[in-house]
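Structural characterization, general
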Amino acid sequence: MARPEIRTAEPADALAMSELVDKLVRRYILKDCTPEGRRTLLASVAPEAFRDAMERGFQYHVAAGGSDLFGVVGMRDASHLYHLFVVDAARGTGLGRRLWETARDEICMHGTAPPVFTVNSSLHAVGFYKALGFQPTGPEEERGGVRSQPMRYVMLGHGPRE
C-alpha cells in the first residue's frame, strides 16, 4: 500500500467515509452495544450523517490513495475527537496517528485549540488512544446503548497528563 495522502474531506466523500466506518463499526464496536445502541451507532455513520456533520462545522480529513479511502478522522467543536477509523490493511502503519495529528494540528494552526482534547473511545480502541497520549478520565460509560471509555489528551506544556 502506497502512503495515502491526507486531505480535508468534502461532502462528496460522505458515501466512501460511511462505507469505511460502517464496515469497521460492524466488525469492532457493535458487539459492545445493546440493540438500541447498534441502531443509533449505525445511523450515526450513514452518508447523510457525515454530510450533516460537515454542514454543522465538524472538521473531517480522509486518508486517500487514488480512489481508495484508507482512513477518516473527524473533530467536533475543535476539541472532541469524534471519529478516527483506519482500514485493517493500514493498521500498524502509523496512519491512525497521522490522521489524529493532522486533525489536532489543523485546529492548533487556527488558534482555536484548547489545551485538552477529548474522545469517547470504543472499548476496542482504548490501547490505541493511550499510545497517542490520551488517558481515561473515569470508568467506562454507556449512553444510549453504546459503551465507551471517556478519555482526554492534554497538550504538552498545558498541565499534567494524569
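The notes below deal with the structure included here. (Residues numbered from 1 in each chain as written. Predicted model: local features only at pLDDT ≥ 70, side-chain atom pairs only at ≥ 80, totals over all residues. Heavy atoms only, no water.)

1. Some details on the side chain of Ser 121
Looking at the secondary structure, you find Ser 121 in strand β5 (residues 116-121). Residue classification places Ser 121 among the buried residues on the basis of a relative accessible area of 1%. Only 3.3 Å separates the side chain of Ser 121 from the backbone nitrogen of Val 126, close enough to count as a polar contact. If sequence neighbours within four positions are ignored, Ser 121 has contacts with Val 126, Tyr 129, Ser 148, Gln 149 and Met 151. (Helix = DSSP H or I, 4+ residues; strand = E, 2+ residues; numbered from the N terminus. Buried < 20%, exposed > 50% of the residue type's maximum accessible area, 1.4 Å probe, protein only. Polar contact = N/O pair within 3.5 Å; in protein donor to acceptor, adjacent residues only side chain to side chain. Contact = heavy atoms within 4.5 Å.)

2. Points about the pattern of salt bridges
Scanning the entire structure with this criterion turns up 12 salt bridges. Across the pair Arg 26 and Asp 22 runs a salt bridge whose closest N-O atoms are separated by 2.7 Å. Here Arg 26 pairs with Asp 22, and both are found in helix α1 (residues 14-28), just 4 residues apart, close to one helical turn. In this structure, Arg 147 and Glu 140 form a salt bridge, with 2.8 Å as the shortest nitrogen-oxygen distance. What makes Arg 147 partly exposed here is its relative accessible area of 30%. We classify Glu 140 as partly exposed; its relative accessible area is 44%. Residues joined in a network through salt bridges with shared partners are Lys 31, Asp 32, Glu 140 and Arg 147. (Salt bridge = Lys/Arg side-chain N within 4 Å of Asp/Glu carboxyl O.)

3. A closer look at the side chain of Ser 148
Checked against the element boundaries, Ser 148 lands in strand β8 (residues 146-154). Look past the residues within four positions of Ser 148 in its chain and what remains in contact with it is Asn 120, Ser 121, Leu 123, Glu 140 and Glu 141.

4. As for the layout of surface pockets
Within this model, the largest pocket holds a volume of roughly 1000 Å³. Around the largest pocket, the lining is made up of 37 residues, and of these Ile 29, Leu 84, Phe 85, Ser 122 and Tyr 129 lie nearest the centre. Where the lining of the largest pocket is concerned, the elements lending two or more residues are α1, α2 (35-44), β4 (80-86), α4 (95-109), β5, α5 (126-132) and β8. Among the elements that line the lining of the largest pocket, the one with the most residues is β4, at 7 residues. Of the residues in the lining of the largest pocket, the class split is 18 nonpolar, 13 polar and 6 charged. (1 Å grid on protein atoms, 1.4 Å probe; cavity = no way out; pocket = protein on both sides within 12 Å on 5 of 7 lines; lining within 4 Å. Points joined across faces, edges and corners; volume = space filled by probe spheres on them. Nonpolar A, V, L, I, M, F, W, Y, C, P; charged D, E, K, R; others polar.)

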